[in-house]
Amino acid sequence: MIRNFLRNFMIGRYGPDHLNIAMIIVSFILSIVHGITQFLPILILSYLLLVLAIFRMLSRSIERRRRENDWFIRYYWPVRTKFVRAFSNLRDRKTYKYFKCPSCNNTLRVPRGKGKLQVTCPKCGERFIKKT
């Protein structure tokens, strides 16, 4: 019964997206910071972000919310990709060695412990020798 009510209530509304999730996470982090510092403007900002995220989820202006999310993704995705790549490189550092192609700066992954290898860049075809 409640599930049907919520499903019917959300028909025609925008719902959650990347921007909403980011706003909720930042709101949660700010509330934790407020718990440590007891600085009231941080708590107010936290609540404002939470209310704005809920407003966006319940909004019927779908095209406007989609444009806002597209703007956020345009700036968020490159940062996220760099973090994911850095953590992946950190996780694989014992089994792989990473090199930059001298001509196109493409990142190449080579297994460790194979001695000197001729590495061929799949993007530009440049060949160079590196010690692994």
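Throughout what follows, the structure given in this document is the object of discussion.

Thresholds applied
Residues numbered from 1 in each chain as written. Predicted model: local features only at pLDDT ≥ 70, side-chain atom pairs only at ≥ 80, totals over all residues. Heavy atoms only, no water. Helix = DSSP H or I, 4+ residues; strand = E, 2+ residues; numbered from the N terminus. Buried < 20%, exposed > 50% of the residue type's maximum accessible area, 1.4 Å probe, protein only. Patch = residues over 30% accessible without salt bridge, like charges linked within 9 Å, V, L, I, M, F, W, Y side chains within 5 Å. Areas by Shrake-Rupley, 256 points an atom, 1.4 Å probe, with all protein chains shown as cover. Salt bridge = Lys/Arg side-chain N within 4 Å of Asp/Glu carboxyl O. Pairing = 2+ DSSP bridges. Contact = heavy atoms within 4.5 Å. Bend = angle between axes of the 7 residues up to and from the residue.

As for the environment of P16
With respect to the secondary-structure elements, P16 resides in the loop between α1 (2–10) and α2 (18–37). Here P16 falls in the exposed class, since its relative accessible area comes to 60%. Spatially, the C-alpha atom of P16 lies 5.3 Å from that of M57, the residues being 41 residues apart in sequence.

Observations concerning a nonpolar patch on the surface
A cluster of nonpolar side chains, namely I2, F5, L6, F9, I24, Y47, L50, I54 and L58, defines an oily patch on the protein surface of about 840 Å² accessible area. Mapped onto the elements, Y47 comes out in helix α3 (residues 40–58).

Here we look at the pairing of strand β2 (residues 107–111)
Only one face of β2 is buried, namely the one carrying L108 and V110, since none of T107, R109 and P111 on the opposite face is buried. Examined bridge by bridge, strand β1 (residues 96–100) and β2 share five bridges and lie antiparallel to one another. Bridge pairing links Y98 to R109 in β2. Here β1 hands over to β2 after six residues, with N105 in that stretch at a positive phi of 65 degrees.

Quick notes on the pattern of salt bridges
In total, this model carries six salt bridges according to the counting rule given. For R56, the salt bridge goes to E68, with nearest N and O atoms at 2.8 Å. Taken as a pair, R56 in helix α3 and E68 in helix α4 (residues 62–91) lie far apart in primary sequence, 12 residues in all. Judged by relative accessible area, which is 27%, E68 ranks as partly exposed. A single salt-bridge network, built from bridges that share partners, covers D17, R56, R65 and E68.

Things to note about the side chain of N69
Here N69 lies in helix α4. Apart from the residues within four sequence positions on either side, N69 is in contact with Y14, D17, H18, L19 and R56.

Focus: α4
At Y76, α4 is deflected by roughly 35 degrees, the largest bend along its length, and proline P78 occurs up to four residues later in sequence. Restricting attention to buried positions, one finds in α4 the residues R65, N69 and F72. Summarising the contacts, the buried residues of α4 are in contact with α2 and α3.

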